[in-house]
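# Structure at a glance
In case you want the letters, here they are:
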Amino acid sequence: MSQLQRALESGRFAVTAEMAPPKGYDFSRQIAVSGLLKGKVHSVNVTDMQSACLKASSLGLCIHLKQAGLEPILQITGRDRSRMAILADVLSAASFGIDTVLALTGDHPVVGDCKDSKPVYDLDSVGILQMLSDMEATGCDCGGNPLEGGAPALFKGASVTPVYDPLPLQINKLRQKVEAGARYIQTQGVFDRESLCRFLEEVDRAGIQVPIMAGIIPLKSAGMARFMNENVPGIAVPEEMIARLDAAAAEGKAQGVKGLPARLGMEMAAEFIARIKEEKLCAGVHIMAIGAEQNVPVILEQAGISL
Amino acid sequence: MIITQKKPAEELLAMLAGVRKVALVGCGNCAAACQTGGEKELEEMKQFLEEQGFEVVGSILPDECCHKLLVKRDLRALKDCGAEAVVGLSCGDGVQTVADNLQLPVYPANNTMFLGQVERVGIFHEYCRMCGDCVLGETGGICPITKCAKSLVNGPCGGQKNGKCEVCPDNDCAWILIYNRLQAIGQADKLGRTRKTKGYAGAYYPKHLNLREGKKA
Ligand code: SF4
Ligand code: SF4
């Protein structure tokens, strides 16, 4: 049974991190980082060519992580694979004991780095979840044909963008994801209590019952925050945080110390995580360190979180 | 309407390498409206090819170029013109319909772009991708297959920014349009009831439709 599932079902504060496979075939950095994350997080999402930029496959790194003793979450987008290819990957994953998955629609190839690639979108996030639920319920594949030895039991999740206008449209899609079988939700990066709570209130009002893990992105600099505000859909870093990062950069310059903004970013992330736990706002957090996964254990320690 | 666009002249000239005598076939319907195959464009093409040293030995303008019997009838006018090749100023369907009726190479002068709405003269927008399983009844009459860059049937991805699509910021996010429209026509409750998946078992091509089947010939 999925560790994440066990944590969420027993009401413990769940923690997941996120890692991208390499752009290449040398997985040594990812494997080294996995050693640092072991015992600190319940599971690690492995992205499926995030931002439509070519990487080694999610399944590949999931297998490496599983063999290193971590629980990977297989992220699956509908961008590059038909329903057959998705199901085939899920079955292969299950044979390695990888049973925790997260379904996403996926960024379009034209926003990525291999623009000529054909967009597939046979299924969207809801369609993927439904296909997997149907498989579990019937023991049959996407064509209704029986699987030898039956279907694997999966713990399926989905994502949601909490800062979205019009919000009812996201809430409605969230409902469809839950109805299609999502049993946990990780949010896109959210930075302030107010935005998070506004979203959670809407979820409550809609009567949607599912554990929600707040997405946390530790900021590295004011520039990164501004870039994300401009370019990443659903990201809204408050101006006040950006000003603090700017001030940290100025202070570092004056004192001749490097890395102050990143340190502040980690502190702000840790404060927010501690607050989410203390006020019981969410069932857990999902930390997206974007290439700085080695910082995740430090942030968790600062937040006073251990499994 | 089938929306077409002229190919670059060099591309057409490359196809015509080695040819001297050319006949032209336009289309009085869609291509005429798209300014790619009407009377004026046939005249311009004739002039252009003659400047390039070709002999234009015939030119016809069928009412519509995708109608086999009609094209067959009109092509009789080119029977003895001595053309070595034909240039089709129509959509891809029209070019092939001409070729079905002739033992000559037929070259396309146009690229066939999409099935579109004519907003006004010279302005066209794609509205339907002819998916063969229309969902407009569930989406307030706005097509998510065509207007959403990912053809999503269960609501939006997270990618819109200020109501614009992540794929091309010139386009409105289809699902925001659908949401607003459903509100406006009092069908907000339909939002959660779109399809979980859309099947593609019927999406193989080429497709055929025969309304005469089962009837007396
Ligand atoms: S759903 Fe869209 S693409 Fe399909 S037939 Fe209807 S309008 Fe055309
Ligand atoms: S932004 Fe809107 S229109 Fe564009 S792909 Fe996403 S849902 Fe479709």
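Residue indices follow the written sequence of each chain, beginning from 1 at its first position. Chains and ligands are labelled by the order in which they are written, letters from A for the one and numbers from 1 for the other. The model is predicted, so local features are restricted to residues of pLDDT at least 70 and side-chain atom pairs to those at 80 or more, both for listing and for counting; the totals for chains, interfaces and linings are taken over all residues. Only hydrogens and water are set aside when side-chain values are computed; all heavy atoms of the structure are taken into account.

### So, the overall build of chain A
For clarity, the cut-off: Note on conventions: DSSP H or I runs of at least 4 residues are helices, E runs of at least 2 residues are strands, and numbering of each starts at the N terminus. Only C-alpha atoms enter the radius of gyration; for comparison, a globular chain is expected to reach 2.2 Å times N to the power 0.38, where N is the number of residues. Exposure is judged per residue with a 1.4 Å probe applied to protein chains only, and the accessible area is read against the type maximum: over 50% gives exposed, under 20% gives buried, and values in between give partly exposed. The contact criterion used is simple: two residues touch if any of their non-hydrogen atoms lie within 4.5 Å. Throughout, the Shrake-Rupley method with a 1.4 Å probe supplies accessible areas, and for residues the shown protein chains are the sole cover considered.
Tallying secondary structure elements over chain A gives 11 helices and eight strands in all. In terms of C-alpha radius of gyration, chain A reaches 19 Å, essentially the compact-globule figure of 19 Å for 307 residues. Dimensions of chain A along its principal axes, counting C-alpha atoms only, are 65 × 45 × 40 Å. For chain A, the residues scored as buried account for 55% of the 307 residues in total. The contacts in chain A between residues at least 6 apart in sequence include a share of 78% that link residues at least 24 apart. Put simply, chain A shows about 13000 Å² of open surface, and 52% of that area lies on carbon and sulfur atoms.

### A short note on helix α5 (residues 92–100) of chain B
For the α-helix, the turn length of 3.6 residues means that residues three or four positions removed from each other point alike. Residues and elements named next belong to chain B. In plain terms, the rule: Note that the arc is defined by the directions from the helix axis to the C-beta atoms.
Looking only at α5, the buried set comprises Gly94, Val95, Thr97 and Val98. Angularly, the buried residues of α5 cover 165 degrees about the axis, an arc narrow enough to put them on a single face. Exposed side chains of α5 directed beyond 90 degrees from the buried face belong to Gln96 and Asp100. On its buried face, α5 is in contact with β2 (21–25), α4 (68–75), β4 (85–88) and β5 (106–108).

### Observations regarding the environment of Leu16(B)
Residue and element names in this part refer to chain B. For Leu16, the location among the structural elements is in the loop between α1 (9–15) and β2. By relative accessible area, Leu16 is classed as buried at 1%. For Leu16, the residues in contact, after removing those within four places along its chain, are Leu49, Phe54, Ala85, Val87 and Tyr107.

### Quick look at the site of ligand 1
Applicable threshold: Definition of nearness: a residue and a molecule or strand are near each other if at least one heavy atom of the residue lies within 4 Å of the molecule or strand. For this scheme, ten residues count as nonpolar: Ala, Val, Leu, Ile, Met, Phe, Trp, Tyr, Cys and Pro. Four count as charged, namely Asp, Glu, Lys and Arg, and the remainder, Gly too, count as polar.
Every residue near ligand 1 is listed here: Cys128(B), Arg129(B), Met130(B), Cys131(B), Cys134(B), Val135(B), Leu136(B), Cys143(B), Ile145(B) and Thr146(B). Of the residues assigned to the shell around ligand 1, the class counts are eight nonpolar, one polar and one charged.

### Focus: the domain arrangement of chain B
Buried accessible area, meaning the area lost when the parts come together, often serves as the stated size of an interface. Threshold: Segmentation into domains, and thus their bounds, comes from an automatic or database assignment.
Taken domain by domain, chain B comprises domain 1 (2–113) and domain 2 (131–192). Domain 1 of chain B and domain 2 of chain B are separated by 38 Å when their C-alpha centres are compared.

### Overview of the site of ligand 2
Residue and element names in this part refer to chain B. Put simply, the rule is: Of the two site types, the cavity is a set of points on a 1 Å grid over the protein atoms alone where a 1.4 Å probe fits but cannot get out, and the pocket is an open set with protein on both sides within 12 Å along at least five of seven lines, each lined by residues with an atom within 4 Å of a point. In this scheme, a molecule is assigned to a cavity or pocket if more than half of its atoms are within 2 Å of the grid points.
What surrounds ligand 2 is the set Lys147, Cys148, Ala149, Lys150, Pro156, Cys157, Gln160, Cys165, Glu166, Cys173, Ala174 and Trp175. For ligand 2, the cavity whose grid points lie within 2 Å of the majority of its atoms is the largest cavity. Considering only residue class, the shell around ligand 2 consists of eight nonpolar, one polar and three charged.

### Thoughts on the sheet that holds β2(B)
Residues and elements named next belong to chain B. Formally: For two strands to be treated as a pair, DSSP must find at least two bridges joining them. The axes used here are C-alpha line fits, helices contributing only the stretch in contact, and every angle between their N-to-C directions lies in the interval 0 to 180 degrees.
If you walk across this open sheet you meet the four strands as β3-β2-β4-β5, and the pairing is parallel. Strand pairing shows two members of the sheet lacking a second neighbour, β3 (55–60) and β5, which therefore form its edges. On average, each strand axis in the sheet is inclined to that of its neighbour by 25 degrees, with strand direction left out of account. Where β2 lies against β4, four bridges are found, and the strand directions are parallel. What sits directly across from Leu24, in β4, is Val87. Most of the contacts of helix α3 (residues 39–51) go to β2, to which it runs at about 165 degrees, and overall it touches β2, β3 and β4.

### A few points about the layout of surface pockets
All names here are of chain B. Put simply, the test is: Grid points are joined across faces, edges and corners, and a volume is the space filled by probe spheres set on the points.
Considering only enclosed or pocket space, the second largest pocket measures out at about 1300 Å³ in volume. Lining the second largest pocket are 32 residues; nearest its centre among them are Arg129, Cys131, Tyr200, Ala203 and Tyr205. Per-element accounting of the lining of the second largest pocket gives the leading share, three residues, to strand β6 (residues 110–120). Broken down by class, the residue content of the lining of the second largest pocket amounts to 16 nonpolar, seven polar and nine charged.

### Describing the interface of chain B and chain A
The following threshold applies: Two parts placed together each lose some accessible area under a 1.4 Å probe, and the buried area is that loss summed for both. Between Lys or Arg on one side and Asp or Glu on the other, a salt bridge is scored when a side-chain nitrogen of the former is within 4 Å of a carboxyl oxygen of the latter. Residues adjacent in sequence count toward polar contacts only when both atoms are side-chain atoms; beyond that, a polar contact is any pair of N or O atoms within 3.5 Å, and within protein one must be able to donate a hydrogen and the other to accept it.
The partner chain A presents 32 residues to the 25 residues of chain B that form the contact. Across the chain B to chain A interface the summed buried area is about 2200 Å²; carbon plus sulfur atoms make up 55%. In this structure, the connection of chain B to chain A is made through zero salt bridges. Counting across the interface, chain B meets chain A through 11 residue pairs in polar contact (both at pLDDT 80 or more).

### Here's the deal with the nonpolar core
All names here are of chain A. Put simply, the rule is: By nonpolar core we mean a set of buried residues, namely Ala, Val, Leu, Ile, Met, Phe, Trp, Tyr and Cys, connected to one another through side-chain atoms within 4.5 Å.
In this structure, Leu132 and Ile276 are the most contacted members of the largest nonpolar core, which totals 84 residues. The residues touching Ile276, leaving out its near neighbours within four places in the chain, are Phe13, Leu196, Ala214, Ile216, Leu281, Cys282 and Val285. In terms of nonpolar packing, the next biggest core, distinct from the first, is built from 17 residues, Phe191, Val237, Ile242 and Leu245 among them.

### As for the packing of aromatic side chains
Note the threshold: Pairing of aromatic side chains requires ring centres within 6.5 Å, counting the rings of Phe and Tyr and the six-membered ring of Trp. Pairs whose planes differ by under 30 degrees are stacked, by over 60 edge-to-face, and all others tilted. Note on geometry: a ring has a charge over it if NZ (lysine) or CZ (arginine) is within 6 Å of the ring centre and within 35 degrees of the ring normal.
Under the definition given, this model contains one aromatic pair over all chains. Taken together, a centroid distance of 5.0 Å and an interplanar angle of 25 degrees make the contact between Phe155(A) and Tyr184(A) stacked. Of the two residues, Phe155(A) sits in strand β5 (residues 155–160) while Tyr184(A) sits in strand β6 (residues 184–189), which places them 29 residues apart along the sequence. Just as Phe155(A) is buried, Tyr184(A) falls in that class too. Positioned over the ring face of Tyr127(B) is Lys147(B), at 3.9 Å from the centre of the ring.

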